[in-house]
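In case you want the letters, here they are:
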Amino acid sequence: MAAGEVPAPLVVEARRPAMGSDAHMVVVADRGRSDHLMRVGWRRVDDLERRWSRFLPDSEVSAVNQGAGRAVPVSADTLTLYRRAAEGWRGTAGLFDPTVGASLVAHGYDADLSEVVARAPEGTAPTRPPGAEAAGPAPGLGCMLLDPWLPAVTLPAGTVFDPGGIGKGLAADLVVATLLAAGAAGALVALGGDLRAAGTPPTGGGWTVAVDDPRGPAGALMRGAVPGGGVATSSPLRRRWRTAGGEAHHLIDPATGRPAASAVVAATVVAGEAWWAEVVATALHLSGPAGLDGYSDVHALVVTADGERHATPGLAAVLS
Amino acid sequence: MTTDRRGHRARRPHAATGARLLTVAVSVSAAAVMASAMARAAAPGTGPAPVAPAVAVQPSPADAPATATRVPPPPVTRSPAPPVATSSAS
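Remember, it's a predicted structure, so these values are computed and weren't measured experimentally.

### Some details on the sheet that holds strand S17 (residues 309–311) of chain A
Residue and element names in this part refer to chain A.
- Pairing is antiparallel across the open sheet formed by 8 strands, whose spatial order is S1-S2-S6-S7-S10-S15-S16-S17. Of all strands in the sheet, those with a lone pairing partner are strand S1 (10–18) and S17, marking the two edges. When the angles between neighbouring strand axes are averaged without regard to direction, this sheet yields 10°.
- With 5 bridges joining them, strand S10 (residues 229–234) and strand S15 (residues 264–271) adopt antiparallel strand pairing. Across the sheet, residue Ser-234 finds its bridge partner in S15, namely Ala-267.
- This element, helix H1 (residues 34–52), spans S1, strand S2 (21–29) and strand S6 (186–191) of the sheet and lies at about 25° to S1.
- In this fold helix H7 (residues 274–287) packs onto strand S7 (194–199), S10, S15 and strand S16 (299–304), with an angle of close to 150° to the strand it touches most, S15.

In C-alpha cells:
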C-alpha cells in the first residue's frame, strides 16, 4: 500500500445460534476495530435475548406476562419492544397480534423449538398438548398500559405476550444501530428470517440479499441489492412440530387462536426497518395477496400454495 | 362551656375560622401537589421518580388509523454480486 493511502475497510462476519434461530452478523469497519465491534454486537444480541425470551423465567417479558395486571418495571429497550408491538397491532388492524402467546403454549410451543420438536420425533405418537382445544381468540393489546416514566408495562392477567418475530426484527434493528454508533462503517444482522442492514455495504452495489424459498432445500425466491433496510420472511412451512392433533406451526391466527389455515406459503417484506418488515410479513400471511395494497411503506412478495407469486411493483424486477 | 345571657351555647368563632383555614390549607396543598406533578411531567428525567399516568394503547386496532411515520422502504435493484446474507423463512 502506498504511503498516505487509506486502507480499505475490512469485512468480517460470523454465524452462531441466537434467539432460537441462526444468527448472522456482518461488520464493515476499519482494520483493528472489527473484532471489538463483533464482540459488541453479539453482547447486544445476548442482552436482548435475556430480556425478551419468553422461555427464560427471569426475562423482562416473562415478568410482564406474569404481572397479572401489575405494572412491571422494564428497560428502555423492552418498552420499545412493547411500543413497536402496539404500533404493529394497530397498523395491521390486529392481523399482527403478539398476544397469541397463550395459544402457542396451548398448542405445545412452550419451550425452545428444538426442545418442542424433540418431544415428538418422527415415528413416535405425539401426545396432545393440554389445552389445545381451549385456545381461543387472542386478547389483543387494547388493555396494555405503557408507562414511559418508570418505564413499566402492564398486561391483564391471562395475556401472554410472545415477542416471536417482532423481537428478532427489532433486535436486528437495535444491534445494527449499536454497531454503527460504536464505529462500524456498515453492519448487517440477520436473526432467523429477520434481517437489517445499514451503512456502507461490503461492495459498491449495496447489500445483496437472497431470500430462501421455504418450499425446497435449495433455491431463492428472490435476490436483490438494497442500500439499507429490513427484510423479513414468514412461512408456515418452518417452525413446525408434531402434536396428536396433527402438525402445528407458529403462525397463529389471532381470531381463532389456532395455527392459521392460509394459502400463503411465504411472505417476504422489504421495509425501512426489520421490525416493521416482520409485522407486515405476518399480517400478509393471514390476509393473503389481497393485503398487498394495504401497505404503502413496504415492498412485498406473497407466494401461495399453488405456486403463484404476487408482488408489489418494487420487487417485480428482482424476482428469481 | 360558654353560654350567653339566655343560657344558649355561644357560637365559637374560633372553630369556624379554624375550619376555613383548614379548607384553605388543604386546597393550597392539593394545588401544590398538582403543580409539582405538572412540573415533573413537563420536565421528564428531573427530580424524583414521578407518579405519571400510564399511556393506554387504543382499545381497538380498527379504530386507529395507520398514520405512523415510518422509514420509507429502500429501492431494491438487481445485483450480480453474491449475497451477503440470506433471509430464511421463520
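Still to come is the rest of the account.
### What to know about the sheet that holds strand S8 (residues 207–212) of chain A
- Pairing in this open sheet of 3 strands is mixed, and the strands run S9(A)-S8(A)-S2(B) from one edge to the other. Edge positions in the sheet fall to strand S9 (220–226) of chain A together with strand S2 (85–87) of chain B, since each has one partner strand and no second. Direction aside, neighbouring strands of the sheet carry axes that sit 25° apart on average.
- Relative to S9 of chain A, S8 of chain A is paired through 6 bridges, and the arrangement is antiparallel. Counted as the bridge partner of Asp-212 of chain A is Ala-220 of chain A from S9 of chain A.

### Side note on the interface of chain B and chain A
- Opposite the 37 residues of chain B that make contact, chain A presents 58 residues.
- With both chains or domains summed, chain B and chain A bury close to 3,900 Å², and 61% of this area falls on carbon and sulfur atoms.
- Seen at the junction of chain B and chain A, the total is 1 salt bridge.
- Among the ionic pairs, Asp-297 of chain A bridges to Arg-70 of chain B, the shortest N-O distance being 3.6 Å.
- Across the chain B-chain A interface, the total number found is 12 residue pairs in polar contact (both at pLDDT 80 or more).
- Looking at the side of chain B that touches chain A, its residues break down into 27 nonpolar, 8 polar and 2 charged.

### As for the confidence of the model for chain B
Residue and element names in this part refer to chain B.
- Confidence in the prediction for chain B averages 60 pLDDT; 24% of positions are at 70 or higher.
- Here helix H1 (residues 13–42) stands out as the element of chain B with the lowest mean pLDDT, 50, in contrast to S2, whose mean of 87 is the highest.
- Below a pLDDT of 50 lies the segment residues 24–52, which in the model reaches 8 contacts outside its immediate sequence neighbourhood of four places, other chains included.
- In the predicted assembly, ipTM is 0.83 and pTM is 0.81.

### Notes on helix H6 (residues 164–181) of chain A
Residues and elements named next belong to chain A.
- Taking 1.5 Å per residue as the helical rise, H6 with its 18 residues ought to reach 26 Å, and the 26 Å between its terminal C-alpha atoms agrees with that figure.
- Where H6 is concerned, the buried positions are Ile-166, Gly-167, Lys-168, Gly-169, Leu-170, Ala-171, Ala-172, Asp-173, Leu-174, Val-175, Val-176 and Leu-179.
- Looking one or two places after H6, you find Gly-183, whose phi comes out positive at around 120°.

### Some points on the environment of Asp-212 of chain A
- Residue placement: Asp-212 of chain A occurs in strand S8.
- Its relative accessible area of 25% is what places Asp-212 of chain A among the partly exposed residues.
- Sequence separation between Asp-212 of chain A and Ala-266 of chain A is 54 residues; the distance between their C-alpha atoms is 9.7 Å.
- Dropping the residues within four chain positions of it, Asp-212 of chain A is found in contact with Gly-219 and Leu-221 of chain A together with Thr-86, Ser-87 and Ser-88 of chain B.
- There is a polar contact of 3.0 Å between the side chain of Asp-212 of chain A and the side chain of Ser-88 of chain B.

### Section: the packing of aromatic side chains
- Overall, the coordinates contain 3 aromatic pairs over all chains when judged by the stated rule.
- A ring pair is formed by Tyr-82 of chain A and Phe-161 of chain A, whose centres lie 4.3 Å apart and whose planes are at 35°; its orientation type is tilted. Separated by 79 residues along the polypeptide, Tyr-82 of chain A in helix H3 (residues 76–91) and Phe-161 of chain A in the loop between strand S5 (152–154) and H6 bring together distant segments of the chain. Phe-161 of chain A matches Tyr-82 of chain A in its accessibility class, with the two residues each being buried.
- Pairwise contacts between aromatic rings join Trp-275, Trp-276 and Tyr-295 of chain A into one cluster.
- The ring of Trp-276 of chain A carries Arg-70 of chain B above its face, with NZ or CZ at 3.5 Å from the centroid.

### What about the packing of H3 of chain A against H7 of chain A?
All names here are of chain A.
- Where H3 contacts H7, the two axes come as close as 10 Å, and the packing angle between them is 40°. Here H3 is positioned oblique relative to H7, judged by the angle of their axes. Relative to H7, H3 is oriented so that their crossing is right-handed. Residues Arg-84, Glu-87, Gly-88 and Gly-91 of H3 pack against Trp-275, Trp-276 and Val-279 of H7.

### A closer look at unusual backbone geometry
All names here are of chain A.
- In this structure, Pro-151 follows Leu-150 across a cis peptide bond, with omega equal to -10°.
- Summarising the element assignment, Pro-151 is placed in the loop between strand S4 (145–147) and S5.
- Positive phi, close to 55°, is recorded for Met-19, a residue that is not glycine.
- Within the secondary structure layout, Met-19 lies in the loop between S1 and S2.

### Observations regarding the packing of H1 of chain A against H6 of chain A
Residue and element names in this part refer to chain A.
- Axis separation between H1 and H6 bottoms out at 9 Å; the angle between their running directions is 145°. Both H1 and H6 take part in a crossing whose hand is right-handed. In this structure, H1 contributes Leu-37, Val-40, Gly-41, Arg-44, Val-45, Leu-48 and Trp-52 to the contact, and H6 contributes Gly-167, Leu-170, Ala-171, Leu-174, Val-175, Thr-178 and Leu-179.
- Considering only residue class, the contact of H1 with H6 consists of 10 nonpolar, 3 polar and 1 charged.

How each quantity is defined
Residues numbered from 1 in each chain as written. Chains lettered and ligands numbered in written order. Predicted model: local features only at pLDDT ≥ 70, side-chain atom pairs only at ≥ 80, totals over all residues. Heavy atoms only, no water. Pairing = 2+ DSSP bridges. Helix = DSSP H or I, 4+ residues; strand = E, 2+ residues; numbered from the N terminus. Axes fitted to C-alpha atoms, helices over the stretch in contact; angles between N-to-C directions. Contact = heavy atoms within 4.5 Å. Buried area = accessible area lost by both parts, 1.4 Å probe. Salt bridge = Lys/Arg side-chain N within 4 Å of Asp/Glu carboxyl O. Polar contact = N/O pair within 3.5 Å; in protein donor to acceptor, adjacent residues only side chain to side chain. Nonpolar A, V, L, I, M, F, W, Y, C, P; charged D, E, K, R; others polar. pLDDT = per-residue confidence, 0-100. Expected span 1.5 Å × (residues − 1). Buried < 20%, exposed > 50% of the residue type's maximum accessible area, 1.4 Å probe, protein only. Phe/Tyr/Trp six-rings, centres within 6.5 Å; stacked < 30°, edge-to-face > 60°. Lys NZ or Arg CZ within 6 Å of the ring centre and 35° of its normal. Parallel < 35°, antiparallel > 145°, perpendicular 65-115°, else oblique. Left-handed = near helix turned anticlockwise from the far one by under 90°.

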